[in-house]
Structures are given as structure tokens and as C-alpha cells.
Amino acid sequence: AKEKGRDNYQFFNASLNESMRVKMHLENGLRKAVHRQEFTLCYQPLIYLPTGRIIGTEALIRWEHPEFGNIPPSDFIPVAEDTGLIIPIGDWVIEEACRQNKVWQNEGHEKLSIAVNISVKQLEDPGFPDRIKKILASFDMDPSFLELEITEGMMQDFDSSIPNIKRLKDLGLKISIDDFGTGYSSLSYLKVLPIDTLKIDKSFLDDSLESFRGQALVKTIIDMGINLQFNVIAEGIEDRMQVEFLLSQGCLIGQGYFYSEPLSPTKCEEFFQKHLSP
Ligand code: C2E
Ligand code: CA
Ligand code: CA
Ligand code: CA
């Protein structure tokens, strides 16, 4: 009886109870959020570092919950992945990002690319490439302007994703490895997967200029990306010293608060006016 009492106590432990309630609330909210149009996308400019001009954007999802307010993606994306809701949410993200990018291209930003984050659950879904194909066709969009970002941590068990990654490549779109260098995975996938871009995780830039090893790591990652003939993008650029360092190492593309935080579509259009794409 004493044992049981203890278990009960743990189960009804206030914080656990609270976090379960929050999770159930999130789950219920997520189910309705697509229809209720509670999601929006914001766009962070991708900059060609030698000129400071914008060459594309990365779409980042935002959720304004009617009760909880703004919930960050790091809180609800894992719940969406666990519940399978990432499939309809992910479809919405790709469709909305392509729609917006096509509007901007039609307004004269003809070469502007759009990057979208995807979850491994989407990548493993057999119907995913066909749905992307339909979305691209519906906007008459050139597939080479769409880049799908896959977090390196998801590549641990990438065997099941290979067929879909190849089909996506065959459609003509681009594949990036996001948060590169943080996934604790073997590098062998770089040999077999048709990858276009490495995005250096922002944690490498935080202290890149402060220590010999930090600098050497960033240099080595950039060199590796260049040797493998990938595009190399630095994320999380926050000051000019980092820009100079990246340029001196041959990294030509970057994003971060130094240039711009993620912006609403309207704010993004203001940014275009000041940093016209080449
Ligand atoms: P991520 O793809 O690595 O996106 C970069 C995150 O860093 C974004 O956070 C961005 O706002 C933030 N950031 C940008 N510049 C800087 C900077 O200079 N310094 C610092 N410290 N941070 C910067 P956000 O928007 O909260 O997104 C967090 C993560 O949520 C993303 O990381 C991505 O993994 C995921 N995510 C966002 N949108 C989506 C989506 O539509 N689908 C999926 N599956 N995941 C998404
Ligand atoms: Ca990303
Ligand atoms: Ca990243
Ligand atoms: Ca991330």
C-alpha cells in the first residue's frame, strides 16, 4: 500500500500533471489550428555575404494559440511529430511558402529562393513527393527555387528516407542538411545522399572567433562543404566580425540577426527594397 501511495504521489505530481495537461491542450489545439488559420509563416532573409544582398528566404512557422498566445515551434513541432499532425501542418507550410515565393517572384524578385524545414515524418511519408509535385504545379513554380531543410539529427536512420529523397531530387528541388555538425551522426550519408547544401549550425558561430578550436572547426566544416561541392550556408550570424571570418574562409551565404530576424511578409517586402536581390 505504501508503494502504491508513492506511485500515486508521483503520478499526480503537480508539474507532471501540469505538463501532461499542457501537452493534451497543445495536441487538441494543433488539430484545429490548420482550419482555424492560426499558423503563419515568417521569412528570414538569406544573404549573399560579399554584397549583402538578399538571395532567398527561409520560412519559419509561427503559431498564435487563442489561449496561450505565441507558442514557439520548438514547443509544438515535437508534439506535431508525435501525433502525425506534422503531415497536414507540413503540407500547409510548403504550400504557403511556395505561394508567397511565387508572389514575390512575380513582383520582380525572379531569382528569390525559398527554404522550408521538414520533419523526418514527412520525408518517410510515401505520398510526400507527389504532393510536393502537385503544389509546385499549382503555382507553376520552378522546383529549383524550393529547398527542403532536413535536420542532421534525423539522418541517423536515413535508409528509410533514401527513396523519397531521390524522388524529390528528381522533381528538381534542392536538399539541405540543417544544423550540420550537431547530429552525432556518421558522415557517410554525405557520400550517398543527393545533397545540395550544408547549413552550419549556429552554435559553431557563437564562439568561433574566441578560441583556436572554435575557429578551426568552422574552417574545417566550410572546407569540407566546398570540397564536396555543396553550397555552404552559415546560420546565426550576429556581428560583422563573423561575416569577415566567414568570407575569409570562402563561405558566401548566411543568415542571422546581424542582417535580419525572421520577418512578416510585409516587413520582408520592406527589406527587399533596401537589399534588392541581384
Ligand atoms: P532552424 O531551422 O535551425 O531555424 C533557425 C532558428 O534560429 C529560428 O528559430 C530562427 O528564428 C533563429 N535564428 C535566426 N537567426 C538567428 C541568430 O542570429 N541568432 C540566434 N540565436 N537565433 C537565430 P525558430 O523560428 O524559433 O525555429 C526553431 C526551429 O523550429 C527551427 O530551427 C526548425 O528546426 C523548427 N521549425 C521552424 N519552422 C518549422 C516548420 O515549418 N516545420 C518544421 N518541421 N520545423 C520548423
Ligand atoms: Ca532551418
Ligand atoms: Ca538550423
Ligand atoms: Ca534547428
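The structure reproduced in this document is the subject of the present report. Fair warning: this is a prediction, and the values are worked out from it, not measured in the lab.

1. Things to note about the coordination of the calcium ion (ligand 3)
Ideal geometry at a metal centre: 109.5 degrees between donors when four sit tetrahedrally, and 90 or 180 degrees when six sit octahedrally.
Now for step 1: Only D178 (OD), D179 (OD), E235 (OE) and E235 (OE) from the protein coordinate the calcium ion (ligand 3), and they sit 2.2 to 2.4 Å from it.
Now for step 2: A separation of 4.1 Å is found between the calcium ion (ligand 3) and the calcium ion (ligand 2), which are bridged by D178. A residue pair is termed long-range when its members are at least 10 positions apart, and D179 in strand β6 (residues 174-180) and E235 in the loop between β8 (231-234) and α11 (240-248) qualify at 56 residues.

2. Section: the coordination of the calcium ion (ligand 4)
Now for step 1: Only D179 (OD) and D179 (OD) from the protein reach the calcium ion (ligand 4) as donors, at distances of 2.5 to 3.2 Å.
Now for step 2: A separation of 5.6 Å is found between the calcium ion (ligand 4) and the calcium ion (ligand 2).

3. Some thoughts on the pattern of salt bridges
Now for step 1: Scanning the entire structure with this criterion turns up ten salt bridges.
Now for step 2: For the salt bridge of E27 with R31, the shortest nitrogen-to-oxygen distance reads 3.0 Å. Linking E27 with R31, this pair stays in helix α2 (residues 14-33), spanning four residues, or about one helical turn.
Now for step 3: One salt bridge connects R167 with D130, and the closest N-O pair in it is separated by 3.6 Å.

4. Considerations on helix α3 (residues 73-83)
Now for step 1: The complete set of buried residues in α3 reads F76, V79 and A80. Along α3, the residues classed as buried sweep out an arc of 100 degrees about the axis, all on the same side. Opposite the buried face of α3, by more than 90 degrees, sit the exposed residues S74 and D82.
Now for step 2: Remark: G84 follows α3 within two positions and exhibits a positive phi of approximately 80 degrees.

5. Side note on the layout of surface pockets
Now for step 1: Put simply, the largest pocket is a space of about 890 Å³.
Now for step 2: Looking at the lining of the largest pocket, the elements with two or more residues in it are β2 (53-65), α3, α4 (86-106), β4 (113-118), β5 (146-151) and β6.
Now for step 3: For the lining of the largest pocket, the class distribution of residues is 14 nonpolar, ten polar and nine charged.
Now for step 4: Quantified by volume, the second largest pocket comes out at close to 340 Å³.
Now for step 5: Lining the second largest pocket are 21 residues, and of these L46, I55, S113, E147 and I253 sit closest to its centre.
Now for step 6: Among the elements of the structure, β1 (39-48), β4, β5, β6, β7 (197-200) and β8 are those that each provide at least two residues to the lining of the second largest pocket.

6. Here's the deal with helix α6 (residues 128-138)
Now for step 1: Of all the residues in α6, the buried ones are F128, P129, I132, I135 and L136. In an axial view of α6, the angular spread of the buried residues amounts to 120 degrees, which keeps them on one side of the axis. Opposite the buried face of α6, at more than 90 degrees from it, the exposed residues are K134, A137 and S138.
Now for step 2: On its buried side, α6 packs onto α4, β4, α5 (120-124), β5 and α7 (162-171).

7. Some remarks on the site of ligand 1
Now for step 1: Residues in close proximity to ligand 1 total 21 residues, the closest being Q44, R62, N117, E238 and Y257.
Now for step 2: Within the side chain of E58, an N or O atom sits 3.2 Å from an oxygen atom of ligand 1.
Now for step 3: Contact with the protein chains hides 82% of the accessible area of ligand 1, taken as 810 Å² for the molecule alone.
Now for step 4: Judged by the proximity of its atoms to the pocket grid, ligand 1 belongs to the largest pocket.
Now for step 5: If you list the elements that add at least two residues to the shell around ligand 1, you get β2, α3, β4 and β6.
Now for step 6: A breakdown of the residues in the shell around ligand 1 according to their chemical character gives nine nonpolar, five polar and seven charged.

Quick notes on the rules
- Residues numbered from 1 in each chain as written.
- Chains lettered and ligands numbered in written order.
- Predicted model: local features only at pLDDT ≥ 70, side-chain atom pairs only at ≥ 80, totals over all residues.
- Heavy atoms only, no water.
- Donors = N, O, S within 2.8 Å, 3.2 Å for Na, K, Ca; no water.
- Helix = DSSP H or I, 4+ residues; strand = E, 2+ residues; numbered from the N terminus.
- Salt bridge = Lys/Arg side-chain N within 4 Å of Asp/Glu carboxyl O.
- Buried < 20%, exposed > 50% of the residue type's maximum accessible area, 1.4 Å probe, protein only.
- Arc of directions from axis to C-beta.
- 1 Å grid on protein atoms, 1.4 Å probe; cavity = no way out; pocket = protein on both sides within 12 Å on 5 of 7 lines; lining within 4 Å.
- Points joined across faces, edges and corners; volume = space filled by probe spheres on them.
- Nonpolar A, V, L, I, M, F, W, Y, C, P; charged D, E, K, R; others polar.
- Contact = heavy atoms within 4.5 Å.
- Near = heavy atom within 4 Å.
- Polar contact = N/O pair within 3.5 Å; in protein donor to acceptor, adjacent residues only side chain to side chain.
- Areas by Shrake-Rupley, 256 points an atom, 1.4 Å probe, with all protein chains shown as cover.
- Sits in = over half its atoms within 2 Å of the grid points.

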